[in-house]
Amino acid sequence: MSDDATDLEDRVAELEATVRGLTEELVDAGERIRALEAELDQPPSTDALRQARDQSAIEPADDQPADETDADDTTTDDTDDSGLDDIIVA
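By convention here, each chain's residues receive numbers from 1 onward along its written sequence. Local features in a predicted model are, by the rule used here, given only for residues with pLDDT of at least 70; side-chain atom pairs are given and counted only at 80 or more, and totals for whole chains, interfaces and linings are based on all residues. To obtain the side-chain values, all non-hydrogen atoms of the structure were used and water was disregarded.

Chemist: Help me understand the overall build of the protein, please; the structure alone is not making it clear to me.
Modeler: Runs of H or I in DSSP of at least four residues are treated as helices and runs of E of at least two as strands, each being numbered from the N terminus. In terms of regular secondary structure, the protein is built from 2 helices and 0 strands. When the 90 residues of the protein are sorted by exposure, 1% land in the buried category. Accessibility throughout is a Shrake-Rupley quantity obtained with a 1.4 Å probe, and a residue counts as covered only by protein chains that appear here. Total accessible area on the protein is roughly 8900 Å²; 52% of this is exposed by carbon and sulfur atoms. Residue burial is assigned from relative accessible area. The probe radius is 1.4 Å, only protein chains are included, and a residue is buried under 20% of its type maximum, exposed over 50%, and partly exposed in between.

Set out below in structure tokens:
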């Protein structure tokens, strides 16, 4: 057999293995999704409700409206007139 045919056979075997692996992952993901959906369809347990209630009692209330900001928190840059001040680049 020629080198080209051997390379192609190796590549086909590699792709078949990849497809098998991806198929297994897809089946596993489907099973996990079905299990999570089944949990969502059931009413929460009393322990889960108690834990959520206790957690909300621990967290401090935010008395300041979200749209209110302090004047000290804002900065202006007179050199940037691009209008892109609200864009954050990560």
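Moving on from the model shown.
Chemist: Which parts of the structure should I look at to understand a negative patch on the surface?
Modeler: Patch membership requires more than 30% relative accessible area and the absence of a salt bridge. Residues of like charge join within 9 Å; the nonpolar side chains Val, Leu, Ile, Met, Phe, Trp and Tyr join within 5 Å. What counts as a salt bridge is simple: a side-chain nitrogen of Lys or Arg found within 4 Å of a carboxyl oxygen of Asp or Glu. Charged-residue counts in this description rest on Lys and Arg as positive and Asp and Glu as negative, His and the chain ends being excluded. In this description, the location of a charge corresponds to atom NZ of lysine, CZ of arginine, CG of aspartate or CD of glutamate. Taken together, the side chains of D3, D4, D7, E9 and D10 define an acidic patch exposed on the protein surface. Summarising the element assignment, D10 is placed in helix α1 (residues 3-41). Overall, D10 belongs to the partly exposed group, its relative accessible area being 48%.

Chemist: How should I be thinking about the environment of T6 in this particular structure?
Modeler: Along the chain, T6 turns up in helix α1. Classification of T6 by relative accessible area gives partly exposed; the value is 32%. Here the side chain of T6 touches S2 through a polar contact of 3.1 Å, landing on its backbone oxygen. Identification of polar contacts relies on pairs of N or O atoms within 3.5 Å, with a donor-acceptor requirement for protein atoms, meaning one able to donate a hydrogen and the other able to accept it, and with residues adjacent in sequence counted only if both atoms are side-chain atoms.

Chemist: Where do I start with the pattern of salt bridges in this structure?
Modeler: In a structure, side chains of opposite charge can pair up when their charged atoms sit close to one another. According to the stated counting rule, one finds 1 salt bridge in the structure shown. The partner of R11 in a salt bridge is E14, with the nearest N and O atoms 3.0 Å apart. On the criterion of helical spacing, the pair formed by R11 and E14 is a turn pair, its members being 3 residues apart in helix α1. The exposure class of E14 is partly exposed, given its relative accessible area of 46%.

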